[in-house]
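Structure at a glance
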Amino acid sequence: MEKRFNKMKQVYLESYGCQMNLADSELVMGVLAKAGYFPSDSPQSADVILVNTCAVREHAEEKVLGRIAELNRFKLKKPELVLGVLGCMAKHLGKVIAERAPYVDLVVSPDGYRRLPELIGQSGDKPYLDLRLDRTELYEEIDPVRKEGVNAWVTIMRGCDKFCTFCIVPYVRGRERCVPPDEILRQVRNLAEEGYKEVTFLGQTVNAYRYNGTDFADLLHLVSGVEGIERIRFTSPHPSDFSEKDIETIANLKKVCNHLHLPVQSGSDKVLKRMRRTYTSGEYLDLVGLIRDKIPDVGLTTDIIVGFCGETEEDFQATLALVRKVRYDSAFMFKYSPRSQTVAYRKFEDDVPEKEKGRRLEELIHIQESISREVNQTWIGKRVEVLVEGESKKDMSQFYGKTDNFKTVVFPRNGEKPGDLVEVEVVNSTSHTLLGRRV
Ligand code: SAH
Ligand code: SF4
Ligand code: F3S
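Throughout this document, residue positions are counted from 1 along each chain, in the order its sequence is written. Here chains are named by letter from A upward and ligands by number from 1 upward, in the order in which they appear as written. Confidence filtering applies because this is a predicted model: local features only for residues at pLDDT of at least 70, side-chain atom pairs given and counted only at 80 or more, and all residues used for totals across whole chains, interfaces and linings. Think of the side-chain values as coming from all heavy atoms in the structure, minus any hydrogens and water.

Those domain boundaries reflect an automatic or database domain assignment. Looking at the assigned domains, one finds that the protein contains domain 1 (2-130), domain 2 (151-377) and domain 3 (383-438). Distance from the C-alpha centre of domain 2 to the C-alpha centre of domain 3: 25 Å. The criterion used for residue contact is that any of the two residues' heavy atoms lie within 4.5 Å. On the domain 3 side, the residues contacting the 19 residues of domain 2 number 17 residues. Roughly 1400 Å² of surface becomes buried between domain 2 and domain 3 when both sides are summed, with 46% attributable to carbon and sulfur atoms. Of all residues in domain 2, the largest losses of buried area upon contact with domain 3 belong to Arg231, Arg233 and Asn376, amounting jointly to 41% of the total for that side. Here, a salt bridge means any Lys or Arg side-chain nitrogen found within 4 Å of an Asp or Glu carboxyl oxygen. If you look at where domain 2 meets domain 3, you find one salt bridge. With its nearest N and O atoms 2.5 Å apart, the salt bridge here joins Asp329 to Lys407. What qualifies as a polar contact is a pair of N or O atoms within 3.5 Å, subject to a donor-acceptor requirement within protein and to the restriction that residues adjacent in sequence count only when both atoms come from side chains. Counting across the interface, domain 2 meets domain 3 through 12 residue pairs in polar contact (both at pLDDT 80 or more). Starting at the N terminus, helices and strands are each numbered in turn, a helix being any DSSP run of H or I of at least four residues and a strand any DSSP run of E of at least two. Of all elements in the fold, only strand E13 (231-235) and helix H13 (354-377) reach the threshold of two or more residues within the side of domain 2 that touches domain 3. Here the element with the most residues in the side of domain 2 that touches domain 3 is H13; it accounts for six residues. In the side of domain 2 that touches domain 3, the residues fall into four nonpolar, six polar and nine charged. When two parts are put together, the accessible area they lose, computed with a 1.4 Å probe and summed over both, is reported as buried area. The classification used treats Ala, Val, Leu, Ile, Met, Phe, Trp, Tyr, Cys and Pro as nonpolar, Asp, Glu, Lys and Arg as charged, and all other residues, Gly among them, as polar.

Let's shift gears to the pattern of salt bridges. Summed over all chains, the structure comprises 34 salt bridges. Linking Arg177 and Asp111 is a salt bridge whose minimum nitrogen-to-oxygen distance equals 3.4 Å. Of this pair, Arg177 sits in strand E9 (residues 177-178) while Asp111 sits in the loop between strand E5 (106-108) and helix H4 (116-122), placing them 66 residues apart in sequence. Burial classes: relative accessible area under 20% of the type maximum marks a residue as buried, over 50% as exposed, and values in between as partly exposed (1.4 Å probe, protein chains only). Given a relative accessible area of 7%, Arg177 falls into the buried group. In the salt-bridge network here, residues are joined through shared partners; they are Glu311, Glu313, Glu356, Arg359, Arg360 and Glu363.

What follows is the structure, given as C-alpha cells:
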C-alpha cells in the first residue's frame, strides 16, 4: 500500500452527463492534482481509472455499466489498478454497482470528491462505498483543472430543491446551496488571467442563485466587471425563478449573452402540474414574451420530455402547439424514463407504451428540426459577432465559434485565432449551423 504514494500516479477520467458533471470532473482532477496525481489520456497507462456518471435516464446508466465492465479488462491485466465510479449514478445505484460490478474499488457520490486521494489509497478487496451527501460541500478553494480553450465552466450552485416529480437530480446531488460571490469572483479573475474569454455559470436552477444579499442579477453585475472576460453565459435557468430584474440585467449588460436555455418539459398544464414544474404553459409563454420584448434576437433553447405518466395524445398536441408558438432555436428532447426514488416512480404509472413514446419523440424532433432550419435561414445575409473557438472538426481550413445568442458559425479561417471576436456575414445555414464569411 505504502508504495502507491511514492511514485507519480496517473489518472484516467471518463465523464458522462450534463455540464455540471463535466465541471465536477475538472474539480476531481483539481483535487487529485493537489495530491500529486497526473492526468492520463488513456486507460492503458493509468494507475487509477475513474468514471464520472449520470443517472438522469435509464439508458445513460446502462451505457455506463457496460463501459465499467469494459474498463475492468485493464484491471485484469494490472491488478493494482484502482477502478472507481463517481457521480450521480454512483449515488443512485451505489449498492447495485457493488453487486453487479464487484471488481470496482470505489463508488463515490458527488459530495465525496475531497476524500478521493484517501479513498484511492484505501481500496481493498470489496468495493468501498462513500455515498454521503453533504449539505455544505461547495468545493471552495479547490481550483478545477479545466480543459484548455476559450470557455470555462464555473459552478455557482450545487444540488436542487425543486423536486420535479420525474427527476433524480435532487436525490443524487442533494439540496440547493450557493457558492459565495467572493469565491466566484476569485475564480473568474483567475480565469481571465489564464486567458479564458468566456465563463459559463452552472447550476440546476442557476437563476435561483442567492447568497446573503446577492441575487443572480447582482452576481452578473459583479462578474461583468472582470476585465478580460468578454462573454458570460449560464445554464440552466428555471422558468419560475426569473425576476424582471434578472431579465433587465441580461438585456442591459453587454457581456451577458443573449441566450437562454429555458427548459419547458411539456406544453400541457395537466402534465406540467403532475411534473410539479410550478408554472403553467400560459405563464411560460408570458415569460417568453417578456424576454423577447426586452432582449430582441435572444436565442431560446429548451428541454422537453414526451410520454410522461398520464400524457394523452391531447397533452402531447399541447406540447407541439407550444413548440410551434415559441419557435425555439433548438431543443433537447427525451422519452420519459422512470427513475427509482422519484415521486413519479413511486406514485404514477408509466403508462405510455414505449412504442408510443418513440412515435411522439420522432414527431416532435421532426417539427423542431424544421423550425430550427427556418429560424437559421432568417440569419442569412446578417452580420454576427463570433467568438472563435477553434478548428472545425470536419474541415481544417474552417474555424468555428459561437454568436452571442448561441448559434454555431463555421467560416473559412483567415489569420484569426481562438479567443478572437470577429465579424462574420452569414451566407448559408442548416438546422444546426450557420455558414459564414469574414467581413
Ligand atoms: N435543471 C434542469 C434540467 C436538469 S436534467 C431543469 O430544471 O430543467 C436535464 C433534462 O433531462 C431535463 O430538463 C429533462 O428534460 C430531462 N430529464 C430529467 N429527468 C428525466 C427523466 N426521468 N426522463 C426523461 N428525461 C428526463
Ligand atoms: Fe431536476 Fe427539476 Fe431540479 Fe431541474 S429543477 S434538476 S428538472 S428537479
Ligand atoms: Fe447531470 Fe446526469 Fe447528474 S444530467 S446532474 S450528470 S444525473
